[in-house]
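A look at the structure
What follows is the residue order along each chain.
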Amino acid sequence: MTPDQIVFIIVALVTLGSGFMVVVTRNLIHAALWLVATLFGVAIVYTLLNASFLAVVQVVVYIGAIAILFIFAVMLTRKDMRDSGPQHNKNWWFGALLAVLTFGGLFFLLQGWSGMSSTAPAYPSGFDAISELGNALTSPTGYVLPFEVASVLLVAALVGAVYVAFNPRSGKSEK
Amino acid sequence: MVPISWYLIFAAALFCIGLFGVLSRRNAVAILLGVELMLNAVNINLAAFWRYGNVTQMAGQVFAIIVFAVAAAEVAVGLALVISVYRRRNTVVADDIDMMKW
């Protein structure tokens, strides 16, 4: 095995293990922290794929913003289900069965694909993926329209989130 | 070099772990954690196909960035909904949020 493969296997096992802990651990704060570990593992996978910009965005946006948002939400709603009582619903075995069947189906589908064992083409020397990505995101012949739609989506989500979470009574009567 | 199948199987396993979390958790915040795992699995697939296809075509990375934006929007709105429901109903258990069920 080459060093690449050894690094990939270690990263993949750690990521899948912490991803598993996210869905089974009882304490939700711990689940959010395991999610941070999983996201770090995925960032390392991006680095292995030469997608360095995605790795940085993963750390900044996912770990820096989304995971912290989750921890805030868990803390704000924690009074309800501390660590007592079941954290999984009574049909959890059906969910587990469905997940295993989905994995089996995907595995079976991938086995029948001819390009399955293909290795990556050599990374062109002097190729600057980040400036290429910037060009693609801003050029009219590239992806400027999806880029703008994404920014509109973010603004709409921001306004919607503020509107949904806004409590008009909170100013007068404290509950 | 690592063959593409390793990345695809890894992403499929991560997706199924997230699927299990979405289907089996009672807490609405934990369900959103499962959705995040599924989105990450999709992003790994996009990046892997970008790297193993034509590297000079940036479509895979552009789509991954769109997925990042959608995930951020989804988490913001989802957690706002959870907190709003928690204020009104004092619960975050997904089974108990049945106002629209008849």
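If you tally the helices and strands in chain B, you get three helices and zero strands. The helix and strand sequence of chain B, counted from the amino end, reads α-α-α. Summarising its shape, the C-alpha atoms of chain B cover approximately 50 × 25 × 20 Å along the three principal directions. For chain B, with 102 residues in total, the buried portion stands at 63%. For chain B, long-range pairs separated by at least 24 residues make up 59% of all intrachain contacts whose partners lie at least 6 apart in sequence. Computed over 7 positive and 5 negative side-chain charges, the inter-centroid distance for chain B is 3 Å.

Take the confidence of the model for chain B next. Residues and elements named next belong to chain B. With 99% of its residues at a pLDDT of at least 70, chain B reaches an overall mean of 90. Confidence scores differ between elements of chain B, with helix 3 (residues 59-89) showing the lowest mean pLDDT of 90 and helix 1 (residues 4-24) the highest of 94. For this predicted complex, the interface score ipTM comes out at 0.91, while the overall pTM is 0.90.

The next subject is the interface of chain A and chain B. Contacts between the two partners involve 87 residues from chain A, matched on the other side by 71 residues from chain B. Summed over both partners, the interface of chain A with chain B comes to about 7400 Å²; 77% of that surface belongs to carbon and sulfur atoms. A per-residue breakdown of the area chain A buries against chain B is headed by Leu49, Tyr62 and Phe70 of chain A, which together make up 9% of the total. In this assembly, chain A and chain B are joined by zero salt bridges. For the side of chain A that touches chain B, the elements supplying multiple residues, two or more each, are helix 1 (3-24), helix 2 (28-48), helix 3 (52-76), helix 4 (92-111), helix 5 (129-138) and helix 6 (144-165) of chain A. Counting residues per element, the side of chain A that touches chain B draws most heavily on helix 1 of chain A, at twelve residues.

On to the environment of Val70 of chain B. Topologically, Val70 of chain B is positioned in helix 3. With 31 residues separating them in the primary sequence, Val70 of chain B and Leu39 of chain B have C-alpha atoms 9.4 Å apart.

For the rest of this paragraph, the subject is helix 2 (residues 28-52) of chain B. One turn of an α-helix holds 3.6 residues; hence residues three or four places apart share an orientation. Residue and element names in this part refer to chain B. Here helix 2 contains 25 residues, and its C-alpha end-to-end distance of 37 Å stays within 8% of the 36 Å for a straight helix at 1.5 Å per residue. Counted residue by residue, helix 2 has 20 buried out of 25 residues, so it is predominantly covered. Its side-chain oxygen 3.0 Å from the backbone nitrogen of Val29, Asn27 forms the N-cap of helix 2.

By size, the foremost hydrophobic cluster in this structure holds 73 residues, and its most contacted members are Tyr46, Leu54 and Phe70 of chain A together with Tyr7, Ile44 and Met58 of chain B. Those elements giving two or more residues to this core turn out to be helix 1, helix 2, helix 3, helix 4 and helix 5 of chain A together with helix 1, helix 2 and helix 3 of chain B. Among the elements that make up this core, the one with the highest residue count is helix 2 of chain B (13 residues). In contact with Tyr46 of chain A, other than residues within four places in its own chain, are Ala51, Leu54, Ala55 and Gln58 of chain A together with Asn40, Asn43, Ile44, Ala47 and Phe68 of chain B.

On to the packing of helix 2 of chain A against helix 2 of chain B, then. Where helix 2 of chain A meets helix 2 of chain B, the axes come as close as 11 Å, and the angle between the chain directions of the two elements is 5 degrees. Viewed along their axes, helix 2 of chain A and helix 2 of chain B adopt a mutual orientation that is roughly parallel. Of helix 2 of chain B, the residues touching helix 2 of chain A (which contributes Leu28, Ala31, Ala32, Leu35, Thr38, Leu39, Val42, Val45 and Tyr46 of chain A) are Ala30, Leu33, Glu36, Leu37, Asn40, Asn43, Ile44 and Ala47 of chain B. Residues belonging to the contact of helix 2 of chain A with helix 2 of chain B are distributed by class as follows: 13 nonpolar, three polar and one charged.

Among the secondary structure elements, Thr15 of chain A is positioned in helix 1. With a relative accessible area of 0%, Thr15 of chain A lands in the buried category.

This structure, assessed with the given rule, holds nine aromatic pairs over all chains. Ring geometry for Tyr123 of chain A against Phe127 of chain A: centres 6.0 Å apart, planes inclined by 75 degrees, an arrangement best described as edge-to-face. With a relative accessible area of 17%, Phe127 of chain A lands in the buried category. Pairwise contacts between aromatic rings join Phe8 of chain A together with Trp6, Tyr7, Phe10 and Tyr52 of chain B into one cluster.

Parameters at a glance
- Residues numbered from 1 in each chain as written.
- Chains lettered and ligands numbered in written order.
- Predicted model: local features only at pLDDT ≥ 70, side-chain atom pairs only at ≥ 80, totals over all residues.
- Heavy atoms only, no water.
- Helix = DSSP H or I, 4+ residues; strand = E, 2+ residues; numbered from the N terminus.
- Buried < 20%, exposed > 50% of the residue type's maximum accessible area, 1.4 Å probe, protein only.
- Contact = heavy atoms within 4.5 Å.
- Lys, Arg positive; Asp, Glu negative; His and termini not counted.
- Charge placed at Lys NZ, Arg CZ, Asp CG, Glu CD.
- pLDDT = per-residue confidence, 0-100.
- Buried area = accessible area lost by both parts, 1.4 Å probe.
- Salt bridge = Lys/Arg side-chain N within 4 Å of Asp/Glu carboxyl O.
- Expected span 1.5 Å × (residues − 1).
- Polar contact = N/O pair within 3.5 Å; in protein donor to acceptor, adjacent residues only side chain to side chain.
- Core = buried A, V, L, I, M, F, W, Y, C linked by side-chain atoms within 4.5 Å.
- Axes fitted to C-alpha atoms, helices over the stretch in contact; angles between N-to-C directions.
- Parallel < 35°, antiparallel > 145°, perpendicular 65-115°, else oblique.
- Nonpolar A, V, L, I, M, F, W, Y, C, P; charged D, E, K, R; others polar.
- Phe/Tyr/Trp six-rings, centres within 6.5 Å; stacked < 30°, edge-to-face > 60°.

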